[in-house]
Amino acid sequence: MSLKKITFNDRQIICQEEDTVLDALLRAQIDIPHACRQGVCQSCMLRSLQTAPPPAAQNGLKDVLRHQNYFLACLCYPQQDMSVSLGADSGAFATATVVGKDMLNADTLRLTLQCPDIPDYYAGQFVNLKRADGLTRSYSISNNRKQRHKLEFHIRRLAGGRFSEWAHAELAIGDSLAVSAAQGLCYYLPGRAAQSLLLIGSGSGLAPLAGIISEALDQGHTGPIHLYHGSRNMAGLYWTAEMRRLARQYPNFHYSPCVSGGEAGQGVCKGRAHELAMSALPDLKGWRIYLCGHPDMVHQAKRQAFLKGAAFQDIHADAFHIGATTPA
Ligand SMILES: Cc1cc2nc3c(=O)[nH]c(=O)nc-3n(C[C@H](O)[C@H](O)[C@H](O)COP(=O)(O)OP(=O)(O)OC[C@H]3O[C@@H](n4cnc5c(N)ncnc54)[C@H](O)[C@@H]3O)c2cc1C
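All values reported here derive from a predicted model rather than from experimental measurement. (Residues numbered from 1 in each chain as written. Predicted model: local features only at pLDDT ≥ 70, side-chain atom pairs only at ≥ 80, totals over all residues. Heavy atoms only, no water.)

Before going further, it helps to spend a moment on the layout of surface pockets. Roughly 1100 Å³ of volume is contained in the second largest pocket. Listed by contribution, the elements that provide at least two residues to the lining of the second largest pocket are strand S8 (126-130), helix H7 (295-307) and strand S17 (315-319). It is S17 that contributes the most residues to the lining of the second largest pocket, five residues altogether. The residue inventory of the lining of the second largest pocket, partitioned by class, reads 16 nonpolar, 16 polar and four charged. (1 Å grid on protein atoms, 1.4 Å probe; cavity = no way out; pocket = protein on both sides within 12 Å on 5 of 7 lines; lining within 4 Å. Points joined across faces, edges and corners; volume = space filled by probe spheres on them. Helix = DSSP H or I, 4+ residues; strand = E, 2+ residues; numbered from the N terminus. Nonpolar A, V, L, I, M, F, W, Y, C, P; charged D, E, K, R; others polar.)

Right under this line is the structure:
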């Protein structure tokens, strides 16, 4: 078995063969920001001080960060001893104040933050929210960026989930939260206003899609915009009245709420959102696609959209990976 030595500040710890650098640091009780543990949220970015990190640990990082030996601790299985420090970006959090909390359905909270120092963002990107004790999770921005310093999130309560349970039950109006700069490539860019758009979301995956739709309509997008929002049952759907109102207001916006189980209510389709979308829209050549929510749905829909002709660079996806638990 090959053990590697990791030096962090003045401490030296041993990384077991099957462990990532993040596993090893957390096991040694070193408090590293982290959330998704899948290389998506980038909150565990560290810098290798003497040696180049394994290339696989730099997946998704900008070139400028790769050149400076930044890497993601959750993806890094060290191939040699490493000396590491916290990445410069890891500490870049602005302070926000909770200004609104209301329920969108029994499990989904709309959390509104006022954040005067947030760097510019696009609706649909995600930020990392950090509590005072350092617990950090990623959430997608659901509002239009016209309200520059206001951020809205849809947070689904997971039974036993540390951040989501706390945000639902304990976080109060007036409390502070730390907010990272916005990240991710799942957002609406103006230009190609006549392009057809397909958006598919499951559960709170509606959050980034709602922001993208609002942005596109505001910017005068003229092409058809199709939203499929899926849930297991009727109780899991939300914002149906708002989406129907938008569909009445904008003839190019088409809304299909879908449930995969139980009775489908009036105007709701029966089936899985991505399967219904794919059978209703046989040719996606030239379309721009946005996929958000459950990782299985996102991965399947990505593949199907590509097979139906969508260009790879026109498929934007945010899989809501839920972090695995910290090793004992
Ligand atoms: C890019 C991105 C964007 C996202 N956007 C959103 C969004 O807009 N809205 C949203 O709701 N979510 C979003 N997520 C997911 C979000 O970041 C969190 O992962 C989610 O809210 C769960 O966090 P938590 O702390 O509540 O749960 P965690 O404490 O991380 O637990 C996750 C699950 O594991 C279970 N669990 C916890 N501890 C144990 C244990 N010891 N043994 C067994 N099971 C355990 C919990 O019961 C829970 O079901 C996004 C994720 C990513 C990566």
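Looking at the assigned domains, one finds that the chain contains domain 1 (4-89), domain 2 (92-180) and domain 3 (197-319). Computed over C-alpha atoms only, the centres of domain 1 and domain 3 are separated by 36 Å. (Domains from an automatic or database assignment.)

Moving on: the site of the ligand. Looking at the ligand, there are 23 residues lining it, with Arg 137, Ser 138, Tyr 139, Ala 159 and Ser 164 nearest. At 2.7 Å, a side-chain N or O of Arg 137 approaches an oxygen atom of the ligand. Here Arg 162 contributes a backbone N or O atom positioned 2.8 Å from an oxygen atom of the ligand. Protein burial of the ligand: of its 980 Å² of free accessible surface, 77% is covered by the chains. Of all elements in the fold, only strand S9 (136-140), strand S10 (150-156) and helix H3 (162-169) reach the threshold of two or more residues within the shell around the ligand. The element contributing the most residues to the shell around the ligand is S9, with four residues. Taken together, the residues that form the shell around the ligand break down as eleven nonpolar, nine polar and three charged. (Near = heavy atom within 4 Å. Polar contact = N/O pair within 3.5 Å; in protein donor to acceptor, adjacent residues only side chain to side chain. Areas by Shrake-Rupley, 256 points an atom, 1.4 Å probe, with all protein chains shown as cover.)

A few words on the sheet that holds strand S6 (residues 93-105). In space, the six strands of this open sheet follow the order S9-S8-S11-S6-S7-S10, with antiparallel pairing throughout. Each edge of the open sheet is held by one strand with a lone partner, namely S9 and S10. Pairwise comparison of adjacent strand axes, ignoring direction, gives a mean angle of 40 degrees for this sheet. Pairing geometry for S8 and strand S11 (residues 176-180), over two bridges, is antiparallel. Following the sheet pairing, Lys 130 is matched in S11 by Ala 178. Seen against the sheet, H3 touches S6, strand S7 (108-114), S8, S9, S10 and S11 and runs at an angle of roughly 115 degrees to S10. (Pairing = 2+ DSSP bridges. Axes fitted to C-alpha atoms, helices over the stretch in contact; angles between N-to-C directions. Contact = heavy atoms within 4.5 Å.)

Bringing the pairing of strand S2 (residues 11-15) into the picture now. Remark: a regular strand shows side chains that alternate across the two faces of the sheet. Direction of pairing for strand S1 (residues 4-8) relative to S2: antiparallel, over a ladder of five bridges. Its bridge partner being in S2, Lys 4 is matched across the sheet by Cys 15. The loop that links S1 with its antiparallel partner S2 comprises two residues; one of these, Asn 9, has a positive phi angle of about 50 degrees.

Once that is clear, we can look at the sheet that holds strand S12 (residues 197-202). A sheet is described by the order of its strands in space; here six strands give the open sequence S15-S14-S13-S12-S16-S17, paired in parallel fashion. The outermost strands of the open sheet, each flanked by one partner alone, are strand S15 (269-270) and S17. Lying on the sheet, helix H6 (residues 273-280) is in contact with S12, strand S13 (225-231), strand S14 (253-259) and S15; it crosses S12 at an angle near 160 degrees. Strand contacts of H7: S12, strand S16 (288-293) and S17, with the helix running at about 165 degrees to S17, the strand carrying the most contacts.

In the structure shown here, the tally under the stated rule is twelve salt bridges. With a shortest N-O distance of 3.0 Å, Asp 19 and Arg 27 are connected by a salt bridge. By relative accessible area, which is 37% here, Arg 27 ends up partly exposed. Salt-bridge contacts for Asp 314 lead to Arg 192; the nearest nitrogen and oxygen are separated by 3.1 Å. Placement of Asp 314 in the loop between H7 and S17 and of Arg 192 in the loop between S11 and S12 is noted, with a sequence separation of 122 residues between them. Among the residues examined, Asp 314 registers a relative accessible area of 8% and is labelled buried. Connected through salt bridges with shared partners, the residues Asp 102, Arg 110, Lys 150 and Glu 152 form a single ionic network. (Salt bridge = Lys/Arg side-chain N within 4 Å of Asp/Glu carboxyl O. Buried < 20%, exposed > 50% of the residue type's maximum accessible area, 1.4 Å probe, protein only.)

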